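Below, each chain spelled out in residue letters.
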Amino acid sequence: MAHVNENYLKLPGNYLFATIAKKVDAYSKAHPEANIIRLGIGDVTRPLAPAIINAMHKAVDEMGKAETFRGYGPEQGYDFLRQAIIDGDYKTRGIDLELDEVFVGDGAKTDVACIQEIFGDDLKFAVADPVYPVYLDSNVMFGHTGDWNAEKGIYDGVVYLPCTPENGFKAEPPKEKVDIVYLCNPSNPTGTAMSKEELTNWVKAAKENNFIIIYDSAYETYITEPDVPHSIFEIEGAKEVAIELRSYSKCAGFTGTRCSYVVVPHACVAYKKDGTAVELNPLWNRRQCTFFNGTPYIVQRAAEAYYSPEGQKQCLADVEYYMENAHIIRDGLTEAGFTVYGATNSPYAWVQTPNGMKSWDFFDLLLEKAHVVTTPGSGFGPHGEGYLRLTAFGTKENTVEAVKRIADLKLFK
């Protein structure tokens, strides 16, 4: 008989954002008159930049002519985009990469989940707490955790790195032995960001303790402070201990277009059980060639256009628009009496719930009384309890209105 992957049965419930969508849908049907503003899931609302649309139109026209039609593309990505990534995201910051160290994908969510396939089944990993759920849930599905501990709200066998007000909501290197660590900088969900000094300490710890950093820099475009690195490879020696993942979803509005990339430096190695070092780059290349047929040509041309002068100008204008929303949330809720973190180098505001309320209770209150959708912090891990994440990816008008509605509840008297 066919057996199921019982690791899936360890998962305690639905994916966080599916649960939120279900609750909001039920409330909307029960209250069709409610004008609901969504500041929950981090989905962009600005349309694709004209430079990107023009590139897509041109690519579509090419696909309609025999002499320029393209079928299967290279699994690693077309050279034109890989070179644009190196020139636009790395050379500008003094980082040298080889073309074959860059792998184009169809979304960082996929890359984050699949990168673990090149590591051993017995790997022990660490995550920040709170954490983007995909880092954790995908490892559960692959069998890299113990059972769900309902009493503690954690999985046995996972090393959780508490992010609290005391450490500025920034994960610190683990004190126990691990094989890989997932880091998101700037952080999703807390919106906080590590400085160059803090990230240097991480690279040093990885070298001294022989672990690999899976570094998610999806929000680097939103960095405003000069001491926050845009890439982990700005840190000396990071190529030996880090793999970097980046998405076009938030920098170029590709949440519905889907494109990303992974940088696996040749210097980055893991080990066989006998202690023999093995380069990770060819393993990821082999994985992609087997499981992946490449990101569509049209989408890769769209991503290439992001690096054009017009694309940069237009996309950065959208980033500035969203960051203005982030400041509206941060400043407006702070004025209303809330304690707010993030929203300086990130489109996310991490808001402490009032009067010790539980995250889901405050989520329900804002949905029912203010008709505003947020994301409960407890959905990102036990140290997220007592917080909500608000996203700046709505329209300015809706953002202003949502903050006003929350402030008008006068929860601090």
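Since this is a predicted model, take the numbers as computed values, not measurements. (Residues numbered from 1 in each chain as written. Predicted model: local features only at pLDDT ≥ 70, side-chain atom pairs only at ≥ 80, totals over all residues. Heavy atoms only, no water.)

Taken as a whole and judged by the stated rule, the model has zero disulfides. For Cys163, which is in no disulfide, the shortest distance to another cysteine sulfur is to Cys184 and amounts to 11 Å. Using a relative accessible area of 3% as the deciding quantity, one classes Cys163 as buried. Cys114 supplies the cysteine sulfur nearest to Cys268, a cysteine that is in no disulfide, at a spacing of 18 Å. By relative accessible area, Cys268 is classed as buried at 0%. (Disulfide = S-S within 2.5 Å. Buried < 20%, exposed > 50% of the residue type's maximum accessible area, 1.4 Å probe, protein only.)

Rolled over the atoms, a probe as big as a water molecule pinpoints where empty space is left. Here the structure, examined in full by the defined rule, presents three cavities of 30 Å³ or more. Approximately 140 Å³ is the volume found for the largest cavity. Forming the boundary of the largest cavity are 19 residues, of which Ala128, Ala171, Cys184, Ser187 and Met194 lie nearest the centre. In terms of residue count, strand β7 (residues 180-184) provides more of the lining of the largest cavity than any other element does, three residues in total. Considering only residue class, the lining of the largest cavity consists of 13 nonpolar, five polar and one charged. (1 Å grid on protein atoms, 1.4 Å probe; cavity = no way out; pocket = protein on both sides within 12 Å on 5 of 7 lines; lining within 4 Å. Points joined across faces, edges and corners; volume = space filled by probe spheres on them. Helix = DSSP H or I, 4+ residues; strand = E, 2+ residues; numbered from the N terminus. Nonpolar A, V, L, I, M, F, W, Y, C, P; charged D, E, K, R; others polar.)

Next up on the list: the pattern of salt bridges. What the rule picks out here adds up to 18 salt bridges. Residue Arg287 pairs with Glu117 through a salt bridge whose shortest N-O separation is 2.7 Å. Remark: Glu117 occurs in the loop between α4 (108-114) and β3 (125-129) and Arg287 occurs in helix α7 (residues 281-291); sequence separation between them is 170 residues. In this structure, Glu198 and Lys170 form a salt bridge, with 3.2 Å as the shortest nitrogen-oxygen distance. Of this pair, Glu198 sits in helix α6 (residues 196-209) while Lys170 sits in the loop between β6 (159-162) and β7, and the two are 28 residues apart along the sequence. On the basis of relative accessible area, Glu198 is assigned to the partly exposed category, the value being 29%. For Lys170, a relative accessible area of 21% puts it in the partly exposed group. Look at the salt bridges and you will find they share partners, linking Asp89, Glu220, Glu244 and Arg246 into a network. (Salt bridge = Lys/Arg side-chain N within 4 Å of Asp/Glu carboxyl O.)

Geometric values such as these leave the question of function open.
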